Amino acid sequence: MKNALYNLILFVAFILAVMIATVCFTVLAESASAETVSSTPSTPIYCQPDVIKAMGTIWMMTGNGSTPMEATFILNGTPEAYTIEIEKSHNEAGSQSIYTLPATFAVMHVHPNRAGAYPSTPKNSYTGGQGDTGMADKLGVDVYVVSSRGLTVYYPASKATKMLRQNFDWTSMKGCK
């Protein structure tokens, strides 16, 4: 009986911590969205300080990849002058409804720790749909995946998928090129 009560208390504490973290990260996400930034054209978009900060925000929104939920932000404009818009979470496990604009040129989202490090394809999509690469091909936008294994991207123009940063290197500008 003591063991069951102890486990129940731990479970309730965990749920409360997740709820508090979700509220905090939602507030952070809403305050981080829709600010126009000018970047250095020679620096890749994923190496821009505000983009690195936004990747950290969506990473925290997913409990550092520990939940089955995904979190997303879109980049609108051009790589030289863009806005970052963090998508509201829809509490979808293994997927995320993404709303883009005609000016969207990139989508960055988190894959949970238990999911793949690379953008999903129609063949391995969790939901059985078009996956990340199918969406990218349809919309003509680059799709990035932030995960505990690194930062990856799918470029629909060349149909190339590649690892850009290993492990948690995406959290820092150090060595970014």
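Residues numbered from 1 in each chain as written. Predicted model: local features only at pLDDT ≥ 70, side-chain atom pairs only at ≥ 80, totals over all residues. Heavy atoms only, no water.

Undergrad: Sorry, what's going on with the state of the cysteines here?
TA: Any covalent bond linking the sulfur atoms of two cysteines counts as a disulfide. The final tally for this structure, using the stated rule, is one disulfide. The side chain of Cys47 participates in a disulfide bridge whose partner is Cys176; the two sulfur atoms lie 1.6 Å from each other. In this structure the cystine formed by Cys47 and Cys176 twists about its S-S bond by roughly -85°; its chirality is therefore left-handed. Taken together, the residues Cys47 in the loop between strand 1 (36–38) and helix 2 (49–61) and Cys176 in the segment after strand 7 (160–166) connect sequence positions 129 residues apart. For the pair Cys47 and Cys176, a shared accessibility class is recorded, and that class is buried. (Disulfide = S-S within 2.5 Å. Helix = DSSP H or I, 4+ residues; strand = E, 2+ residues; numbered from the N terminus. Buried < 20%, exposed > 50% of the residue type's maximum accessible area, 1.4 Å probe, protein only.)

Undergrad: Help me out: how do you make sense of the nonpolar core in this one?
TA: Soluble globular proteins tend to pack their nonpolar side chains together in the buried interior. Val51, Met55, Phe73, Leu75, Met108 and Tyr144 are the most contacted members of the largest nonpolar core, which has 27 residues in total. If you list the elements that add at least two residues to this core, you get helix 2, strand 2 (72–77), strand 3 (81–86), strand 4 (104–110), strand 5 (142–147) and strand 6 (150–155). Counting residues per element, this core draws most heavily on helix 2, which supplies seven residues. Dropping the residues within four chain positions of it, Met108 is found in contact with Ile45, Tyr46, Val51, Met55, Ile58, Ala71, Thr72, Phe73, Leu75 and Tyr144. (Core = buried A, V, L, I, M, F, W, Y, C linked by side-chain atoms within 4.5 Å. Contact = heavy atoms within 4.5 Å.)

Undergrad: Mind showing me how you'd approach the side chain of Thr104 here?
TA: You can see Thr104 is positioned in strand 4. A polar contact is formed between the side chain of Thr104 and the side chain of Asn76, at a distance of 2.5 Å. Looking at Thr104, its side chain comes within polar contact range of the main-chain nitrogen of Leu101, at 2.8 Å. Among residues more than four places away in sequence, those in contact with Thr104 are Ile74, Leu75, Asn76 and Val141. (Polar contact = N/O pair within 3.5 Å; in protein donor to acceptor, adjacent residues only side chain to side chain.)

Undergrad: Looking at this structure, how should I read the pairing of strand 5?
TA: Where burial is concerned, most of strand 5 is hidden: five out of the six residues are buried. The pairing of strand 4 with strand 5 spans five bridges and is parallel. Residue pairing in the sheet places His109 in a bridge with Val145 of strand 5. Between strand 5 and strand 6, which pair antiparallel in sequence order, lie two residues. (Pairing = 2+ DSSP bridges.)

Undergrad: Looking at this structure, I do not really get helix 3 (residues 131–139). What am I missing?
TA: Every α-helical turn comprises 3.6 residues, leaving residues that sit three or four positions apart pointing alike. Regarding helix 3, the residues found buried are Gly131, Asp132, Thr133, Gly134, Met135 and Ala136. Looking one or two places after helix 3, you find Gly140, whose phi comes out positive at around 75°.

Undergrad: It is not clear to me how the packing of aromatic side chains should be interpreted in this structure. Could you clarify?
TA: A ring pair, where both rings are aromatic, is described by two values, the distance of the centres and the angle of the planes. For the structure on display, the rule yields four aromatic pairs. Between Tyr46 and Tyr144, the aromatic rings sit 6.3 Å apart at their centres with planes inclined by 50°, giving tilted as the arrangement. With Tyr46 in the loop between strand 1 and helix 2 and Tyr144 in strand 5, the pair connects residues that are 98 residues apart, well separated along the chain. Of the two residues, Tyr46 and Tyr144, neither departs from the other in class, the shared state being buried. Members of the aromatic cluster, joined through ring pairs, are Trp59, Phe168 and Trp170. (Phe/Tyr/Trp six-rings, centres within 6.5 Å; stacked < 30°, edge-to-face > 60°.)

Undergrad: How do you make sense of the pairing of strand 2 when you look at a structure like this?
TA: Along any regular strand, the residues point their side chains to alternate faces of the sheet. Counting buried positions over the six residues of strand 2 gives five, a clear majority of the element. Bridge count between strand 2 and strand 4: five bridges; the pairing is antiparallel. Considered in strand 4, the bridge of Phe73 is made with Met108. Direction of pairing for strand 2 relative to strand 3: antiparallel, over a ladder of five bridges. When the bridges of strand 3 are listed, Gly77 appears paired with Tyr82.

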